[in-house]
Amino acid sequence: MAGRAGDAVLPDVAGLLDGMPQQRMPAGASAVSSPAPGLAGSCAGAREGAAPRARALRPWRLLPTPTGTPFTFAYAVVLTVTSLIAAYADPGLVHALHQGSSTDVAHLVHTPVTVLLASGLWTAGGIVAPYTICFLLVLTALERRIGGARTAVVFLLGHVLATLATEVPVGLAVLAGHLPGSSLHRLDYGVSFGVATSIGALTGLLRPWLRWPVLALFGALLVQDLLGLADPLTDWGHLIALAIGVGLWPLVRRWRAASAH
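Below or above, wherever it landed, is the structure these notes cover. What you are looking at is a predicted structure, and each value in this text was computed from that prediction instead of being measured.

Rules and cut-offs
Residues numbered from 1 in each chain as written. Predicted model: local features only at pLDDT ≥ 70, side-chain atom pairs only at ≥ 80, totals over all residues. Heavy atoms only, no water. Helix = DSSP H or I, 4+ residues; strand = E, 2+ residues; numbered from the N terminus. Buried < 20%, exposed > 50% of the residue type's maximum accessible area, 1.4 Å probe, protein only. Contact = heavy atoms within 4.5 Å. Areas by Shrake-Rupley, 256 points an atom, 1.4 Å probe, with all protein chains shown as cover. Core = buried A, V, L, I, M, F, W, Y, C linked by side-chain atoms within 4.5 Å. Patch = residues over 30% accessible without salt bridge, like charges linked within 9 Å, V, L, I, M, F, W, Y side chains within 5 Å. Salt bridge = Lys/Arg side-chain N within 4 Å of Asp/Glu carboxyl O. Phe/Tyr/Trp six-rings, centres within 6.5 Å; stacked < 30°, edge-to-face > 60°. Axes fitted to C-alpha atoms, helices over the stretch in contact; angles between N-to-C directions. Parallel < 35°, antiparallel > 145°, perpendicular 65-115°, else oblique. Left-handed = near helix turned anticlockwise from the far one by under 90°. Expected span 1.5 Å × (residues − 1). Arc of directions from axis to C-beta.

What follows deals with the overall build of the protein chain. Along the protein chain, the regular secondary structure elements total 12 helices and 0 strands. For the protein chain, the N- to C-terminal ordering of α and β elements is α-α-α-α-α-α-α-α-α-α-α-α. Here the protein chain, with 261 residues, has 33% of them falling under the buried criterion. Considering only residue pairs separated by 6 or more positions, the protein chain has 75% of its internal contacts joining residues 24 or more positions apart. Accessible surface computed for the protein chain: about 15,600 Å², of which carbon and sulfur atoms make up 70%.

This brings us to the nonpolar core. One finds F135, I146, V154, F155 and V252 to be the most contacted residues of the largest nonpolar core, which totals 33 residues. Elements supplying a minimum of two residues to this core: α3 (70–88), α7 (130–146), α8 (148–175), α9 (192–203), α10 (208–228), α11 (232–247) and α12 (249–260).

On the surface, F73, V77, V81, I85, L93 and L97 cluster together into a nonpolar patch covering about 440 Å² of accessible area. Per-element tally for the nonpolar patch: the top contributor is α3, with 4 residues. Position of V77 relative to the elements: it lies in helix α3.

The subject of this paragraph is the packing of aromatic side chains. Applying the stated criterion to the full structure yields 5 aromatic pairs. With a centroid separation of 5.3 Å and 75 degrees between ring planes, the pair formed by Y75 and F155 is classed as edge-to-face. Of the two residues, Y75 sits in helix α3 while F155 sits in helix α8, which places them 80 residues apart along the sequence. Pair check on accessibility: Y75 and F155 agree, each one buried. Ring plane angle 85 degrees and centroid distance 6.0 Å describe the contact between F135 and F155, whose orientation is recorded as edge-to-face. One end of the pair, F135, is in helix α7; the other, F155, is in helix α8, and 20 residues separate them in sequence.

What follows covers the packing of α9 against α10. The geometry of α9 relative to α10 is characterised by a closest axis approach of 9 Å and an angle of 155 degrees between their N-to-C directions. The angle between α9 and α10 places the two elements in the roughly antiparallel class. The handedness of the crossing between α9 and α10 comes out as left-handed. Contact with α9, carried on its side by A196, I199 and T203, involves R211, V214, L215 and F218 of α10 and no other residues of that element.

Right, let's talk about the environment of V138 for a bit. Among the secondary structure elements, V138 is positioned in helix α7. Each C-alpha atom of the pair V138 and T72 lies 9.5 Å from the other, and the pair is 66 residues apart in sequence. Those residues in contact with V138 that sit more than four places away from it in its chain are S198, I199 and L202.

Our focus in this paragraph is α3. Helix length check: α3 (19 residues) gives 27 Å between terminal C-alpha atoms against 27 Å at 1.5 Å per residue, within 8%. Turning to α3, its buried residues are T72, Y75, A76, L79, T82 and S83. Buried residues of α3, viewed axially, fall in a sector of 135 degrees; they line one side. At its buried positions, α3 is contacted by α7 and α8.

Examined against the element boundaries, T82 turns out to sit in helix α3. Ignoring any residue separated from it by four or fewer positions in sequence, one finds T82 in contact with L121 and W122.

Backbone geometry follows two general trends: most residues other than glycine have a negative phi, and most peptide bonds adopt the trans configuration. Positive phi is not limited to glycine here, since L229 has a value of about 60 degrees. Among the residues examined, L229 registers a relative accessible area of 61% and is labelled exposed.

Okay, structure coming up:
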């Protein structure tokens, strides 16, 4: 009789696990207190508002890193090495290296793949040249959006197509007698065609308020260089490379959508 009375007084213990001590709570109370709905909503809103600000305040993302942008980082290391060689090696050796890497008509006829790859290992003007700085910023931004392999495809496509678009007419003009034979050995190397294509491709991934000013400003600079007649063939190549990048907008937008998933 006494045991039955005690069982009636004690609360139900059927829900407690054997061997797991648990503080009995008054009926209707929860073991873990939760914040009020309004406070919880405020905290969630604060976290959501802080996340974009945290992402915005990361200036180091403008530059390549080994893990975040491996293609751009490795390429930048190579360009740094070749720029140091160009700055401190014997001038005769540097000229021979540049000449051997030149994508002129003579080299394109005999060793096209070798020179197309080798010419992209040098920067005209050194590591602090404008196109080198653009290389770091633009390819980093592009790789963060579409990935390293696809960024390499964009860069290489612009480098190859713009080179062929400028050198093939030279070869045809020499055959037709409109240019001297020395034009077949024109010195041509550097990353500028690939960079111009990457800029054109990247603008297609930017918001309109930024896309069109960047495209207009860079295009105006290229047109100004062309009108200066300092190096018309290379300047035409830059405009062609930019147009190639703009033509890649549908492709890079699909790549970005695929990377987002």
